[in-house]
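Each chain, letter by letter, is given below.
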Amino acid sequence: MVVLSAPLAITLEDASMRGNHNDLVFLEQIYQAGGGDYFDILSANAFGLDRPPEDPPDPAVLTFAG
């Protein structure tokens, strides 16, 4: 059996006090806590919103590539 992780919501803000976490920070914390041992494939939603697919990955902007 192959286990997929649940994809993350689109959140770039760092609002930890309100329960929201930046996706990249949250994903890093999952792996640091050993969570990567509990799924085989990391699922991801391809959110580009108002950006064209060819925009490069940018941790400060929701792009299709990252």
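See above for the structure.
In this text the structure is predicted, and so the values were computed from the model without any measurement.

Enquirer: Hey, could you run me through the side chain of Ser43 in this one?
Expert: Relative to the assigned elements, Ser43 resides in the segment after helix 1 (23–32). At 2.8 Å, the side chain of Ser43 and the backbone oxygen of Ser5 are in polar contact. Among residues more than four places away in sequence, those in contact with Ser43 are Leu4, Ser5, Ala6 and Pro7.

Enquirer: Would you explain the packing of aromatic side chains in this entry?
Expert: Between two aromatic rings, the relevant description is the distance of the centres plus the angle of the planes. Throughout the structure, instances matching the rule amount to one aromatic pair. Consider the rings of Tyr31 and Phe39, whose centres lie 5.9 Å apart with planes at 75°: the pair is edge-to-face.

Enquirer: Quick question: what am I supposed to make of a nonpolar patch on the surface here?
Expert: Together, Val2, Leu4 and Ile41 make up an exposed nonpolar region whose accessible area comes to about 280 Å². For Ile41, the location among the structural elements is in the segment after helix 1.

How each quantity is defined
Residues numbered from 1 in each chain as written. Predicted model: local features only at pLDDT ≥ 70, side-chain atom pairs only at ≥ 80, totals over all residues. Heavy atoms only, no water. Helix = DSSP H or I, 4+ residues; strand = E, 2+ residues; numbered from the N terminus. Polar contact = N/O pair within 3.5 Å; in protein donor to acceptor, adjacent residues only side chain to side chain. Contact = heavy atoms within 4.5 Å. Phe/Tyr/Trp six-rings, centres within 6.5 Å; stacked < 30°, edge-to-face > 60°. Patch = residues over 30% accessible without salt bridge, like charges linked within 9 Å, V, L, I, M, F, W, Y side chains within 5 Å. Areas by Shrake-Rupley, 256 points an atom, 1.4 Å probe, with all protein chains shown as cover. Salt bridge = Lys/Arg side-chain N within 4 Å of Asp/Glu carboxyl O.

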